[in-house]
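Single-letter residue listing:
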Amino acid sequence: GVETVEDAVKLKNKILLAKREDIPLAEGAHFICDLIGMPVKDAETGKVYGTLLEVTQPALQELYVVKTENGNTVMVPNVPAFIHHIDEEAIYMTPIGGFFDDDSVEA
């Protein structure tokens, strides 16, 4: 029922509740809460890089924060160049050199 900017402003700083089934998701979209804790794997080899720790939205695109097997964290932009696809089992990505090197940022 929110159809104007004025209607939206009235809801600023309010908590809105909705049933999950009432929220339409575009094809290929996911709720962030469903992604947290999922394994992050190589799209070609299936190698596990780590687990999705959090999703941040600092600017134009989301950043996936991946906790690696050795305890480091790596930030991966959620863009098609890196995130290949997501299914019920994992987040599949195509990393570039440096994403998962030993010199990643310490957790």
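Quick note: structure is the one above.
This structure is a prediction, so every number in the text was calculated from the model and none was measured.

**Q** Help me understand unusual backbone geometry in this model?
**A** Peptide bonds are trans in most cases, and residues, glycine excluded, mostly fall at negative phi. Of note, Asn13 is a non-glycine position whose phi angle comes to about 65 degrees, a positive value. Residue classification places Asn13 among the exposed positions, given a relative accessible area of 75%.

**Q** Where do I start with the packing of aromatic side chains in this structure?
**A** Any aromatic ring pair is given by two values, namely how distant the centres are and how the planes are angled relative to each other. Inspection of every chain in the model, using the stated rule, returns 3 aromatic pairs. With 4.3 Å between their ring centres and 10 degrees between their planes, Tyr49 and Phe100 make a pair best called stacked. Residue Tyr49 is located in strand β2 (residues 48-56), and its partner Phe100 is located in the loop between β6 (91-93) and β7 (105-106); the two are separated by 51 residues in the primary sequence.

**Q** Would you explain the pattern of salt bridges in this entry?
**A** Working definition: two side chains of opposite charge can pair if their charged atoms are close together. Within this structure, the stated rule accounts for 1 salt bridge. Residue Arg20 is joined to Asp34 by a salt bridge in which the shortest nitrogen-to-oxygen separation is 2.7 Å. Here Asp34 lies in helix α2 (residues 32-35) and Arg20 lies in the loop between α1 (5-10) and α2, a separation of 14 residues in the sequence. Judged by its relative accessible area of 42%, Arg20 falls in the partly exposed class. Relative accessible area serves as the criterion here: at 39%, Asp34 is assigned to the partly exposed category.

**Q** How should a nonpolar patch on the surface be read in this particular structure?
**A** Taken together, the side chains of Val2, Leu11 and Leu16 make up a nonpolar region of the molecular surface, amounting to roughly 270 Å² of accessible area. The residue Leu16 is located in the loop between α1 and α2 in this model. Owing to a relative accessible area of 59%, Leu16 belongs among the exposed residues under this scheme.

**Q** In this structure, what is going on with the side chain of Thr68? I would like to understand it.
**A** Assignment of secondary structure puts Thr68 in strand β3 (residues 63-68). Here the side chain of Thr68 touches Asn70 through a polar contact of 2.4 Å, side chain to side chain. Beyond its immediate sequence surroundings of up to four residues, Thr68 is in contact with Tyr49, Gly50, Val74 and Phe100.

**Q** Could you clarify how one ought to interpret the nonpolar core in this entry?
**A** Proteins that are soluble and globular tend to have nonpolar side chains buried together. With 15 residues, the main nonpolar core has Leu52, Tyr64, Val76, Ile91 and Met93 as its most contacted residues. At the level of secondary structure, the elements contributing two or more residues to this core comprise β2, β3, β4 (72-77) and β6. No other element matches β2, which puts 3 residues into this core. The residues contacting Met93, other than those within four sequence positions of it, are Val40, Lys41, Asp42, Ala43, Tyr49, Val76, Phe82, Ile83, His84, Phe99 and Phe100.

Cut-off values and rules
- Residues numbered from 1 in each chain as written.
- Predicted model: local features only at pLDDT ≥ 70, side-chain atom pairs only at ≥ 80, totals over all residues.
- Heavy atoms only, no water.
- Buried < 20%, exposed > 50% of the residue type's maximum accessible area, 1.4 Å probe, protein only.
- Phe/Tyr/Trp six-rings, centres within 6.5 Å; stacked < 30°, edge-to-face > 60°.
- Helix = DSSP H or I, 4+ residues; strand = E, 2+ residues; numbered from the N terminus.
- Salt bridge = Lys/Arg side-chain N within 4 Å of Asp/Glu carboxyl O.
- Patch = residues over 30% accessible without salt bridge, like charges linked within 9 Å, V, L, I, M, F, W, Y side chains within 5 Å.
- Areas by Shrake-Rupley, 256 points an atom, 1.4 Å probe, with all protein chains shown as cover.
- Polar contact = N/O pair within 3.5 Å; in protein donor to acceptor, adjacent residues only side chain to side chain.
- Contact = heavy atoms within 4.5 Å.
- Core = buried A, V, L, I, M, F, W, Y, C linked by side-chain atoms within 4.5 Å.

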